[in-house]
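Results of the structural survey
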Amino acid sequence: MANLLLPLTGALFYKNNQFVDAQTWQQDITAFRQKVQTMALANQTVLLFCEDTYEFAVRLFALGMESIDIILPPNNQPQTHAELAKLASAYCGDKIIDTPLSRIDEYAGENALPHNDTLFWPHTGKLIFFTSGSTGKAKPIVKHWWQVNTEVACLINSFFPTPSPSNTGVLSTVSHQHVYGLLFKLLLPLASSMTIYPQYLYPEDMAATLTRIENAIVIASPAFLVRLVQDNLLIRYKAQLNKVFSSGAPLPDKAATTLYQQLSLPATQVYGSTETGGIAWREITGTDTGWRPFAGIEVASGDDATLRIRSPYLVDDWTTLADRVKITENGTFTLLGRTDRIAKVEDKRLDMEDMERHLQHHRAVHRCRLLQLAGEKRSLAIVVELKPDYLPQSAASKRALVTQLKQFLTERFEPVCFPRKWRFVTELPFNSQGKLSYSSLEALFV
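Read on for an overview of the structure. All values derive from a computational prediction rather than experimental measurement.

The rules behind these values
- Residues numbered from 1 in each chain as written.
- Predicted model: local features only at pLDDT ≥ 70, side-chain atom pairs only at ≥ 80, totals over all residues.
- Heavy atoms only, no water.
- Helix = DSSP H or I, 4+ residues; strand = E, 2+ residues; numbered from the N terminus.
- Rg over C-alpha atoms; globule rule 2.2 N^0.38 Å.
- Buried < 20%, exposed > 50% of the residue type's maximum accessible area, 1.4 Å probe, protein only.
- Contact = heavy atoms within 4.5 Å.
- Lys, Arg positive; Asp, Glu negative; His and termini not counted.
- Charge placed at Lys NZ, Arg CZ, Asp CG, Glu CD.
- Pairing = 2+ DSSP bridges.
- Axes fitted to C-alpha atoms, helices over the stretch in contact; angles between N-to-C directions.
- Parallel < 35°, antiparallel > 145°, perpendicular 65-115°, else oblique.
- Nonpolar A, V, L, I, M, F, W, Y, C, P; charged D, E, K, R; others polar.
- Phe/Tyr/Trp six-rings, centres within 6.5 Å; stacked < 30°, edge-to-face > 60°.
- Core = buried A, V, L, I, M, F, W, Y, C linked by side-chain atoms within 4.5 Å.
- Left-handed = near helix turned anticlockwise from the far one by under 90°.
- 1 Å grid on protein atoms, 1.4 Å probe; cavity = no way out; pocket = protein on both sides within 12 Å on 5 of 7 lines; lining within 4 Å.
- Points joined across faces, edges and corners; volume = space filled by probe spheres on them.
- Salt bridge = Lys/Arg side-chain N within 4 Å of Asp/Glu carboxyl O.

Attention shifts here to the overall build of the protein chain. In terms of regular secondary structure, the protein chain is built from 11 helices and 24 strands. The C-alpha radius of gyration computed for the protein chain amounts to 23 Å, which stays within 12% of the reference 22 Å derived for 446 residues, consistent with globular compactness. For the C-alpha atoms alone, the extent of the protein chain along its principal axes is close to 75 × 50 × 45 Å. Going through the 446 residues of the protein chain one by one, you find that 52% of them count as buried. By sequence separation, contacts in the protein chain at least 24 residues apart represent 62% of the contacts at least 6 residues apart. Put simply, the protein chain has 44 plus and 44 minus side-chain charges, and the middle of one group is 6 Å from the middle of the other.

In structure tokens:
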């Protein structure tokens, strides 16, 4: 089990235009923990959602020290919170919905004597994440604190084996409610005594903060980086950038290469999932680079070239994933696509990723996503993000564009495999983590 320690000194957070030191953070944890102890919630389940990173961190560690199982909603949608509240004994953080559950924040227990006031890095209890539902309804993923802590220690050893300068700042575009953000923007910095800045949605806001940071680490989604390289406002601050991380979804090779050319710093791409934790990483500097497994991760090729892993973060001896891989002699691997993106259309096998790649070579198409709609017929549908000058302005121009794109597909695919339904958009519906959820895509065909 990884032995992580709470930071004792230094500026840990930047909140409301001022720094919050370790002592203040620990005092706030103690105060919130008193509420939890007085409410006798130990070993129960609590729903935690906070947009503010600092307030989230206070509650996360207070709950974790009491061995409480913590449900982390993936977003602030009322329906999501209403469903997840059914699984909890209490909730804390932002007030999203009206619920009969007790809200720990409102409990007047500040002056009660705590049963235990010794602060420590949590190591028992569970964190319960919910996937974004890329192929269907979101499902719970349970992670024990020991699994999370083991991965944090591995990330530190992999990327920050020597202590970072005391003035290192972490700037993030992703939410701590998801495992990528939790690990990289919160737990890793806290374990390394870095300063955590608020979440940034736009490059111009991040650039403004970089004017006062000497050593910066950027935790980004692929969607943010794809937009960034089109007009990179961070180029003038590239000397201050120590690392740029990307995870949660694939970062296109073209965007990764362009980013390296602009910043003279490659994006460190991390491959994994909520279920498995981090598996491997790579950095593209101009040529295709294989994925390097993290220390302690063993990889093998199973049936249909599916990736099998043995990981210190997992209870199972070997776990088989839906990704197909080719493993090289030096132990790295390349990704060949997913088995769950092979569709059966009129008894023919269609690699949906292959069709997407082909269609994205058409002059009108920026990117696209195929999906099989629910129902007996499992009709094939496609959402196409068009380049600005090609968006159809009438039903007739839409029909003409569909005909043109189908003609383009005949170069490689049989007509029986063509999508039956087409939707054209100015931008694909990526969420805050840079992922396309199945439900958001399917909603375009309702």
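Additional details are given in the paragraphs that follow.
What follows concerns the pairing of strand 13 (residues 267-273). A regular strand carries its side chains on alternate faces of the sheet. Of all 7 residues that make up strand 13, 5 are buried, and the element is covered over most of its length. The pairing of strand 12 (residues 241-246) with strand 13 spans 3 bridges and is classified as parallel. Across the sheet, the residue bridging to Ser246 is Gln269, located in strand 13. Direction of pairing for strand 13 relative to strand 14 (residues 277-283): antiparallel, over a ladder of 6 bridges. Bridge pairing in strand 14 links Thr268 to Glu283. The antiparallel hairpin formed by strand 13 and strand 14 contains 3 residues in its connecting segment.

Look at helix 4 (residues 145-159) against helix 5 (residues 179-191): their axes get within 10 Å of each other, and the N-to-C directions meet at 75°. One element, helix 4, and the other, helix 5, form an angle in the roughly perpendicular class. Every residue of helix 5 that contacts helix 4 at Trp145, Val148, Glu151, Val152, Leu155 and Ile156 is listed here: Leu183, Phe184, Leu187, Leu188 and Ala191. Classifying every residue of the contact of helix 4 with helix 5 gives 10 nonpolar, no polar and 1 charged.

What follows is about the packing of aromatic side chains. Evaluated as defined, the whole model comprises 17 aromatic pairs. With a centroid separation of 4.9 Å and 65° between ring planes, the pair formed by Tyr14 and Phe19 is classed as edge-to-face. Taking relative accessible area as the criterion, Tyr14 reaches 13% and is therefore assigned buried. Judged by centre distance (5.0 Å) and plane angle (75°), the ring pair of Trp25 and Phe61 falls under edge-to-face. In this pair, Trp25 is assigned in helix 1 (residues 22-38) and Phe61 in helix 2 (residues 53-65), connecting sequence segments 36 residues apart. Classification of Phe61 as buried rests on a relative accessible area of 0%. Among the aromatic residues, those joined into a ring-pair cluster are Phe159, Phe160, Tyr180, Phe184, Phe245, Trp281 and Phe294.

Ordered by their spatial adjacency, 4 strands build an open sheet running 16-17-18-19, and the pairing between neighbours is antiparallel. For this open sheet the edge positions go to strand 16 (298-301) and strand 19 (333-338), each flanked by a neighbour on one side alone. Strand-to-strand, the axes of this sheet are offset by a mean angle of 50°, without reference to chain direction. As paired elements, strand 18 (residues 319-327) and strand 19 share 5 bridges and run antiparallel to each other. Paired with Val325 across the bridge in strand 19 is Leu335.

What follows covers the nonpolar core. Formed by 74 residues in total, the largest nonpolar core has its most connected members in Phe13, Trp25, Leu60, Phe61, Ile104, Leu186 and Leu187. In this view, Leu60 contacts Leu48, Ile70, Leu127, Trp145, Leu182, Leu186 and Leu187; residues no more than four positions away in its chain are not counted. By size, the runner-up hydrophobic cluster in this structure holds 28 residues, among which are Met206, Ala207, Val229 and Tyr237.

Interaxial distance between helix 2 and helix 5 falls to 12 Å at its minimum, and their mutual angle equals 70°. Regarding the angle of helix 2 to helix 5, the classification is roughly perpendicular. Once helix 2 is placed against helix 5, the crossing between them reads as right-handed. Note on element contacts: helix 5 touches helix 2 through Leu182, Lys185, Leu186, Leu187 and Leu190, opposite Thr53, Phe56, Ala57, Leu60 and Phe61. Tallied by class, residues from the contact of helix 2 with helix 5 come to 8 nonpolar, 1 polar and 1 charged.

Attention shifts here to empty space enclosed by the protein. Within this structure, the stated rule accounts for 3 cavities of 30 Å³ or more. In terms of lining, the largest cavity is formed by Leu47, His81, Ala85, Tyr91, Asp94, Ile96, Ile97, Thr99 and Leu101. When grouped by side-chain class, the residues that make up the lining of the largest cavity number 6 nonpolar, 2 polar and 1 charged.

Before going further, it helps to examine the pattern of salt bridges. Two side chains of opposite charge can pair, provided their charged atoms sit close to one another. Tallied over the entire structure, the rule returns 22 salt bridges. Of the charged contacts in the structure, one is a salt bridge between Arg33 and Glu66, with a shortest N-O distance of 2.6 Å. Here the residue Arg33 occupies a position in helix 1, and Glu66 occupies one in the loop between helix 2 and strand 4 (69-71), the gap between them amounting to 33 residues. Of the two residues, Arg33 and Glu66, both sit in the buried class. Between Lys95 and Asp98 there is a salt bridge; the shortest N-O distance is 3.8 Å. A cluster of three or more residues bridged by salt bridges with shared partners is formed by Lys15, Asp52, Glu55, Arg59, Arg103, Asp105 and Glu106.

Bringing the sheet that holds strand 5 (residues 90-93) into the picture now. Spatial ordering of the open sheet is given by 6-5-3-4-7-8, a layout of 6 strands whose pairing is mixed. In this open sheet, the two strands that pair with only one neighbour each are strand 6 (102-103) and strand 8 (140-144). Relative to strand 7 (residues 126-130), strand 4 is paired through 2 bridges, and the arrangement is parallel. Across the sheet, the residue bridging to Ile71 is Ile128, located in strand 7.

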